[in-house]
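The primary structure of each chain is shown beneath.
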Amino acid sequence: MHVGLNLVFLVPGATGGTEVYARELIPELVAAAPEHRFTAFVSREAAASPGPWHELDRCIVVPVSAGNRVAWVRGEQQLLPPLARRAGVQLLHSLANTAPAWGRFRRVVTIHDLIPQVVPEARRSLRSFGMRRLVPLAARRSDRIIVDAASTREDLQRLLGVAPERVDVVPLGVGAPPSAKPMPEAELRRQLKAGNRPIVLSVSAKLVHKNLIRLIGAVASMAPDQRPLLVLPGYPTPHEQWLRERAGVLGAQDDVRFLGWVSSSELEALYASAAGFVFPSLAEGFGLPVLEAMARGVAVACSGRGALAEVAGDAALLFDPESEAEIADAIRRLIGDPLETARLVAAGHEQVRRFSWRATADGTLAAYRRALEARP
């Protein structure tokens, strides 16, 4: 089988979880199916950056800059199909929610979530406007659809009318243990001006549906002498200014640190120093940050909605993400109940063992076979 991998969306360092998916899945696909050929179709940005796509049989540049949304759509919908046809691919797998609507090859798309349809607050951006049209188009025109969690399959049926038998649930994996050595905690605390305060960590893009606004509100609702230091690494967006302003209005500007991108050494130090990890997202297709925190031995509290409840199981404190009071109560338990924290850490290690990228690759290859067996 000759498989094409649609990576036209990829802007390394700025694509979040879909980049993790591509980087982790590609080597496992090659290892699991050495008899298959794989060709990557990449944006200019990905072509200029190191990544496993360069290790495939071929890496073909689609001549667009994916950072420009209009150019990215043009590259995927107009330029990619003829390039894939000339390369001789039998099946094209699009890894990030959207896919070409045409082409003389079988089509598989991974739809990680339907956040623009599920979360009203996320509908206002130009990007979400486009995704509300491109994702249903991909769902209609693809032979098979891969989702990360059963809740997304239910959303596809409920919101887009997709027959569940066309959808394969293939959970994601957890990456290898981190290779970066954490910086010393004392140095990290000096940089953060944290003193001896407990640190609560939330690794997240600054996007509306991540619900950081309520996480900040939850911290602000606590008595000033009981507040932890809330640390928010993750790529910046225009929404971040609103978050900063809200922290100021609530009198919590000294209790929150907005870090943007951090080095691997700094990130590992944050995990090592954190009293707990809190992930209040209103909707997720999977929830990799939850598993990544568990894998590092950090006690987790997260939203109990959709895929997050599937991924976390009983290894996290679950809360209603629209209730600042419930979020605040979960934070208090993370930083003030050592027995509960120890239970969560042990349960988190067990939960992580249920997920692997090799299993993700095996499930993906099974979806490819079903796509090829489908009627033309």
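Because the structure is a prediction, the values reported are computed rather than measured.

> Can you help me understand the nonpolar core in this one?
Counting 93 residues, the largest nonpolar core has L5, L7, F41, I145, F277, M294 and Y368 as its most contacted members. Excluding anything up to four places from it in sequence, I145 contacts V109, I111, A139, L156, V162, R166, V167 and D168. The next biggest cluster of nonpolar side chains, apart from the first, holds 25 residues, and it includes F258, F319, I327 and L344.

> Looking at this structure, how should I read the packing of aromatic side chains?
Describing an aromatic ring pair means giving the distance of the ring centres and the angle of the ring planes. Across all of its chains, the model carries 4 aromatic pairs by this definition. An angle of 45° between the planes, with centres 6.4 Å apart, marks the rings of Y21 and W357 as tilted. You can see Y21 sitting in helix α1 (residues 17-32) and its partner W357 sitting in helix α15 (residues 357-373), a full 336 residues away along the chain. Take Y21 and W357: they sit in the same class, and that class is buried. Joined through ring pairs, the aromatic side chains of Y271, F277 and F279 make up one cluster. Across from the ring centre of W72, 5.3 Å away, lies the NZ or CZ of R69, which sits over that ring.

> How should I be thinking about the pairing of strand β4 (residues 91-94) in this particular structure?
Along any regular strand the residues' side chains alternate between the sheet's two faces. Of the two faces of β4, the one holding L91 and H93 and the one holding L92 and S94 are both buried throughout. Pairing between strand β1 (residues 2-7) and β4: 4 bridges, direction parallel. Note on β4: the bridge partner recorded for N6 is S94. In terms of strand pairing, β4 meets strand β5 (residues 106-110) through 4 bridges, oriented parallel. Among the inter-strand pairings, L92 is bridged to a residue of β5, identified as R107.

> Just checking my understanding: could you explain the sheet that holds strand β7 (residues 167-169) for this structure?
Sheet strands pair via backbone hydrogen bonds, and the direction of the pair is either parallel or antiparallel. Taken in spatial order, the 7 strands line up as β3-β2-β1-β4-β5-β6-β7 in an open sheet, and their pairing is parallel. Each end of this open sheet is capped by a strand with a single partner; those strands are β3 (58-61) and β7. Across this sheet, the average inter-strand angle for adjacent strands is 20°, counted without regard to direction. Its contacts with the sheet put helix α3 (residues 69-87) on β1, β2 (37-42), β3 and β4, and the angle it makes with β2 is roughly 150°. In this fold α15 packs onto β1, β2, β4, β5, β6 (144-147) and β7, with an angle of close to 145° to the strand it touches most, β5.

Calculation notes
- Residues numbered from 1 in each chain as written.
- Predicted model: local features only at pLDDT ≥ 70, side-chain atom pairs only at ≥ 80, totals over all residues.
- Heavy atoms only, no water.
- Core = buried A, V, L, I, M, F, W, Y, C linked by side-chain atoms within 4.5 Å.
- Buried < 20%, exposed > 50% of the residue type's maximum accessible area, 1.4 Å probe, protein only.
- Contact = heavy atoms within 4.5 Å.
- Phe/Tyr/Trp six-rings, centres within 6.5 Å; stacked < 30°, edge-to-face > 60°.
- Helix = DSSP H or I, 4+ residues; strand = E, 2+ residues; numbered from the N terminus.
- Lys NZ or Arg CZ within 6 Å of the ring centre and 35° of its normal.
- Pairing = 2+ DSSP bridges.
- Axes fitted to C-alpha atoms, helices over the stretch in contact; angles between N-to-C directions.

Any link to function would need more than the numbers given here.
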